Amino acid sequence: MGKVLVLNASYEPLNITSWRRAVVLLLKGKAEQLEHNGKYLFPGFPLPTVIRLLYYVRIPYKEITLTRRNILERDRHTCQYCRYQGEVLTLDHIIPRSRGGGDTWENLVAACVRCNVKKGNRTPKEASMKLLTRPRRPHSSLHFEIVKQTKGNTEHKWRKYAIGL
Ligand SMILES: [Zn+2]
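Residues numbered from 1 in each chain as written. Predicted model: local features only at pLDDT ≥ 70, side-chain atom pairs only at ≥ 80, totals over all residues. Heavy atoms only, no water.

## Details of the domain arrangement of the protein chain
Here the protein chain is partitioned into domain 1 (3-58 + 140-161) and domain 2 (68-127). Spacing between the C-alpha centres of domain 1 and domain 2 amounts to 33 Å. With four residues of domain 1 at the interface, the matching set in domain 2 holds four residues. Overall, the association of domain 1 and domain 2 removes approximately 450 Å² of surface from exposure, summing both partners, and the carbon and sulfur fraction of that is 65%. Applying the counting rule to domain 1 against domain 2 returns zero salt bridges. In this structure, the connection of domain 1 to domain 2 is made through zero residue pairs in polar contact (both at pLDDT 80 or more). Each residue belonging to the side of domain 1 that touches domain 2 can be placed in one class, and the counts come to two nonpolar, no polar and two charged. (Domains from an automatic or database assignment. Contact = heavy atoms within 4.5 Å. Buried area = accessible area lost by both parts, 1.4 Å probe. Salt bridge = Lys/Arg side-chain N within 4 Å of Asp/Glu carboxyl O. Polar contact = N/O pair within 3.5 Å; in protein donor to acceptor, adjacent residues only side chain to side chain. Nonpolar A, V, L, I, M, F, W, Y, C, P; charged D, E, K, R; others polar.)

So this is what it looks like as structure tokens:
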């Protein structure tokens, strides 16, 4: 019996809830089931893994602080140039600081020491080093939670609903 991803009416991830709470929302007609895990609560009623609210919930925008930890978390502790995963990761300024690159979500990525040194004071293009993904500001801390819960499981039912996974 797992947790359930709740989507807003707009299909954006809203929160993570217990299967019990999700079932209540479904039975009350407040949500629709989008994905289930193949197990049945009772005949004709599969246990949900993703539901979508039928009404829109307005959520106040909560900004995530730009920290080293959050950058590493966003990049799933993976070097964004060579896919190395490990403890020893640095932050790389895509456009080097000495050349006007700032401390922003869009300009900072996780990089292993080797790639960081190899890239040096160059842009990825100059160094012929391609980024795995274009770094972006995470939408919410829920994004981190989804990343964590679906780690190493590319078949996870939640993944297609999380932007940028
Ligand atoms: Zn690397």
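## A few points about the coordination of the zinc ion
Donor atoms from the polypeptide that bind the zinc ion are Cys79 (SG), Cys82 (SG), Cys112 (SG) and Cys115 (SG), placed at 2.3 Å. Relative to the metal, the four donor atoms surrounding the zinc ion lie at angles of 102 to 117 degrees, and the coordination shape comes out tetrahedral. Written as a sequence motif, the donor arrangement for the zinc ion is C-x2-C-x29-C-x2-C. Exposure remark for cysteine 79: the relative accessible area of 0% places this residue in the buried category. With relative accessibility at 37%, the residue cysteine 82 sits in the partly exposed group. (Donors = N, O, S within 2.8 Å, 3.2 Å for Na, K, Ca; no water. Tetrahedral: all angles 85-135°; square planar, octahedral: opposite > 155°, others 65-115°. Buried < 20%, exposed > 50% of the residue type's maximum accessible area, 1.4 Å probe, protein only.)

## Some remarks on helix H1 (residues 19-27)
Among the residues of H1, Trp19, Ala22, Val23, Leu25 and Leu26 are the ones counted as buried. Relative to the axis of H1, the buried residues are bounded by an arc of 160 degrees and lie together on one face. Facing away from the buried side of H1 by over 90 degrees, the exposed positions are Arg20 and Leu27. Looking one or two residues past H1, glycine 29 carries a phi angle of roughly 75 degrees, positive in sign. (Helix = DSSP H or I, 4+ residues; strand = E, 2+ residues; numbered from the N terminus. Arc of directions from axis to C-beta.)

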